[in-house]
Every structure is written in structure tokens, then in C-alpha cells.
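Residue-level structural notes
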Amino acid sequence: MTDNLFQPFALNETITLQNRILMAPLTRCMADEELVPTQAMAEYYTRRAEAGLIISEAVLIRPDGQGYPNTPGLFTPAQIDGWRVVTDAVHKAGGKIFAQLWHTGRVAHPHFFEKSGSTQVIAPSAVGLEGSLPRMRELNYHVPKAVSHDEIVQLVADYAQAAANAIDAGFDGVEIHGANGYLIDQFLHHDSNRRTDEYGQTAENMARFPLAVVDAISARIGNDRTGLRVSPGAYVNMAGDSRDRAVFDYLLAELELRDLAFLHIGIFDDAMEFDYLGGSASSYVRSIYSKTLVGVGSYSAEMGSAAIAADKFDLLAIGRPFIANPDYVARVREGDELVEYSDEMLTSLV
Ligand code: FNR
Ligand code: 8K6
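About the criteria used
- All residue numbers here refer to positions counted from 1 along the written sequence of the relevant chain.
- Lettering for chains starts from A, numbering for ligands starts from 1, and both go in the order in which the items are written.
- Per-residue local features are limited, in this predicted model, to residues with pLDDT of at least 70; the limit for side-chain atom pairs, both in listing and counting, is 80 or more; totals at the level of whole chains, interfaces and linings are taken over all residues.
- Only hydrogens and water are set aside; all other atoms, that is, all heavy atoms of the structure, feed into the side-chain values.
- UniProt positions are given in the numbering used here, feature names are shortened, and annotations may be inferred rather than shown by experiment.
- Runs of E in the DSSP output that reach at least two residues are strands. Runs of H or I that reach at least four are helices, and both are numbered from the N terminus.
- Here the radius of gyration uses the C-alpha set of atoms, whereas the globule reference equals 2.2 Å times the residue count to the power 0.38.
- Burial classes: relative accessible area under 20% of the type maximum marks a residue as buried, over 50% as exposed, and values in between as partly exposed (1.4 Å probe, protein chains only).
- The criterion used for residue contact is that any of the two residues' heavy atoms lie within 4.5 Å.
- For this description, a residue counts as near a given molecule or strand if any of its non-hydrogen atoms is within 4 Å of it.
- We call two N or O atoms a polar contact when they sit within 3.5 Å, provided that within protein one can donate a hydrogen and the other can accept it, with sequence-adjacent residues counted only if both atoms are side-chain atoms.
- Areas reported as accessible are Shrake-Rupley estimates using a 1.4 Å probe. Residue values count occlusion only from the protein chains shown.
- Both site types are read off a 1 Å grid over the protein atoms alone. A 1.4 Å probe that fits but cannot get out defines a cavity, while an open set with protein on both sides within 12 Å along at least five of seven lines defines a pocket; lining residues have an atom within 4 Å of a point.
- Pocket or cavity membership: a molecule qualifies when more than half of its atoms sit within 2 Å of the grid points of that site.
- The residue classification treats Ala, Val, Leu, Ile, Met, Phe, Trp, Tyr, Cys and Pro as nonpolar and Asp, Glu, Lys and Arg as charged. All others, Gly included, are polar.
- Grid points are joined across faces, edges and corners, and a volume is the space filled by probe spheres set on the points.

- If you look the protein chain up in an unreviewed UniProt entry, it shows as Putative NADH-dependent flavin oxidoreductase from Shewanella sediminis.
- The UniProt entry for the protein chain carries the following comment under Sequence similarities (unreviewed entry): "Belongs to the NADH:flavin oxidoreductase/NADH oxidase family."
- The protein chain has a UniProt comment under Cofactor (unreviewed entry) that states "FMN".

**As for the overall build of the protein chain**
- Broken down by element type, the protein chain carries 12 helices and 16 strands.
- For the protein chain, whose C-alpha radius of gyration is 19 Å, the value lies close to the compact-globule estimate of 20 Å for 350 residues.
- Projecting the C-alpha coordinates of the protein chain onto the three principal axes gives extents of approximately 55 × 45 × 40 Å.
- By the burial criterion, 58% of the 350 residues in the protein chain qualify as buried.
- Counting contacts in the protein chain only where the partners sit at least 6 residues apart, residues at least 24 apart contribute 71% of the total.

**Focus: the site of ligand 1**
- Near ligand 1 there are 19 residues, and of these Pro25, Thr27, Arg229, Ser298 and Arg320 occur at the shortest range.
- Within the side chain of Asn180, one N or O atom sits 3.4 Å away from a nitrogen atom of ligand 1.
- At 2.7 Å from an oxygen atom of ligand 1 is found a main-chain nitrogen or oxygen belonging to Arg320.
- Here ligand 1 loses 91% of its free accessible area of 600 Å² to cover by the protein chains.
- When atoms are counted within 2 Å of each cavity's grid points, the one that captures over half of ligand 1 is the largest pocket.
- Class assignment for the residues of the shell around ligand 1 results in 10 nonpolar, seven polar and two charged.

**With respect to the site of ligand 2**
- Around ligand 2 lies a shell formed by Thr27, Cys29, Tyr68, Arg135, Tyr182, Tyr235, Val236 and Phe268.
- For ligand 2, whose free accessible area comes to 550 Å², the fraction covered by protein is 61%.
- Across the shell around ligand 2, the residue classes tally to six nonpolar, one polar and one charged.

**Description of empty space enclosed by the protein**
- Tallied over the full model, the rule gives one cavity of 30 Å³ or more.
- Roughly 40 Å³ of internal volume is contained in the largest cavity.
- What lines the largest cavity is Ile184, Leu188, Pro210, Leu211, Val214, Leu228, Val230, Leu251 and Leu255.
- Looking at the lining of the largest cavity, the elements that each hand over two or more residues are α5 (183-188), α7 (208-221), β11 (226-230) and α8 (244-256).
- Of all the elements, α7 adds the most residues to the lining of the largest cavity, at three residues.
- Here the lining of the largest cavity is composed, by residue class, of nine nonpolar, no polar and no charged.

This is the structure in C-alpha cells:
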């Protein structure tokens, strides 16, 4: 029984989704050398247009946010034009698509962006990640430079400009990538934020940059077209700290006042429990935040449908099964069997 997944859902007065299944953001590393989306990417997304909403793979707001090869951007005219081909095709097929706006912070590497003229990796504090990049053993992470006050102001402006570029490129809205240990999330966890100025130490200070990004983007394109993804439970690129709980308590209360299109959990398996959150990431967020919540993380359609029926969240995002099954929505609706995901599927866009 997955009937409730096929009910339309109004995010607000502007946007109504045709069903409650979202395609989760999935980095595929398939943009061209100028980080422009390709025709193959347009076709890949269009095959999935039956989703209530597609969240694009994470898209760079500027060059120094890049930490993986061939991840697309939204900061040059060619990138905007490339995305317009994608959004037009998705719209023609009856779908909706948001751009996920991304800066990786300390997970970036100059190998990818030094040709832009910058070689500096930036983050809230000069605390580096251990080890080397995935599948690029010769590249070790750098110790980042702690951003200055002026650089923070510039970052906020660059997020807002990327959001405006997304609308220009035909996206229906944006999801701010505040999850998975990247730049915005680095401000929200004590592991990566050791600042002693107005962006560190207290919950209010640590939430200041993330909320400034939310507010600047909402002012630029409308809060009805702005969503946010967060990871209150540290699980990737980050170490957990029980003091992070107070930061998210404060952040979520502030977000409650802002009427965003939705809030989306960033997690790979929502069965994971965090001591300092008193349970799973989604149950913690639901206990504080009453507006539209997107659940995700190793859910089958049946489990997600049951979670929605039990009011654990409102919308279900599906990641890996959507890589394996372009026609995921139709298969679930018809009760057809799904193809199982495997990591080898990441080498081509189907
Ligand atoms: C991801 N995920 C992810 N999350 C995100 O916020 N932005 C991104 O660009 C990506 N990229 C990405 C690539 C790949 C190959 C995987 C497998 C995952 C996380 C993703 O959105 C989702 O949260 C997880 O995959 C869990 O959902 P499923 O796959 O269990 O349905
Ligand atoms: C060629 C494919 C490259 C895919 C890059 C994906 C980058 C973003 C996703 C981060 C994946 C991290 C996986 C962490 C799993 C943690 C589970 C506890």
C-alpha cells in the first residue's frame, strides 16, 4: 500500500507537487570540463520527470566550492544556458525541478579550481579533514583558511546570486545544501566551527551564516521557492558533538518562523540513531519543526508511505533506487519489481 505517495501535495500557494515522491539530490560527476550540464544529463533528468519534485545533483555556487570532478556549476552564462536545456526538458515532460546549491567548504580541493585563479580552501575554521579524496589517492585534503567577516558577506551574496541564476535557468526553486558536512553544515557543528567571533561558540552565532544564506536567498527569489537540507546528526565529513544539539534546536526554531518551501533531512540511513538527538535525525527534527518535512535515507516506497501515514514526515525523497530505476514512480504505482541499485551504476547516466 503506497497510495498516499500518489496524492498531490501543495508546498505553498505557488507550488503544488503531482505526488509525494522526490528524487533526492545525487552527485553524478558528469558535467563537462567547464562544469556545464550536458544533453545526456537533460535526458537523465527528463526520464525521472514523473517525480513530484526533482532535486538536482548538488550545483556549485562558485569555483572554490568544488571537491569532486565534473560537478556542475551555476556561476557562468554557459552553465545557466546548459541548465535551461535541462529544466525545459523536465517541464515539457510535466515535471518540476529545484537546483541544489552547494559549496563544499573544507571538502574542496584546489586541484579542481586553481585555473579560476584561487588556490585557497575556505571553511569556518582552520580545521582540515584527514586523508585523501575519494578515488584520488594522490590528493590530500588541505587545512582550510578560516573565512574573514568580509569573505562571509561575499559568500552570502554568491549564494543569493546563484539562486537568482537558478531561476534564470528555469528551475522552479532551490534547495540550499546545508547538509552532509559541507560549508553551511561546517558552521553548525563544533567539530568544524571553532570560531570565537559572532559566527562561533553559541547556538545563535553558529546559526548566523546559515540563516543569512536562507534569508538572502528568500529575499532574492522568494521563501516559497526556497528549501533547505540539513544534517543535525553528523555522519559524513564530520565528527559528532553533543553540543551540536543546542545549535540545531535554535536553528530549527528560527526556520519555523521563515515559511520555507520545505526542510529536507540529509542522511543515508534514517534508521541511524544519534544519542544527542534522542533518536533518528527525522524524529528529532519533527519534534521541533512543524512545517513541511522531507524524509529520506534507505527507505523503500512501502516504508516511506507508512512513515508518512504515521506523520513522521510529509514527503519522501528517494536516492539510489532512482539511479537504478529511471521509471521509479511508475514502477511503484503499478506495483512492479524494482531493479536493485549497485555502485557500478554510477559510471554511466541511464
Ligand atoms: C548522494 N547524496 C547527496 N546528497 C546531497 O544532498 N547532495 C548530493 O549531491 C548528493 N549526492 C549523492 C550521490 C550519490 C551517488 C549518493 C548515493 C548519494 C545523498 C542522497 O541525496 C540521499 O540522501 C541518500 O542516497 C539516501 O537516500 P537513498 O539512496 O537511501 O534513497
Ligand atoms: C563518480 C561518483 C562520485 C560520487 C560522489 C558523491 C559525492 C557526494 C555524496 C557523498 C557520499 C558520501 C557517502 C557517505 C556514506 C556514509 C554512510 C554512513
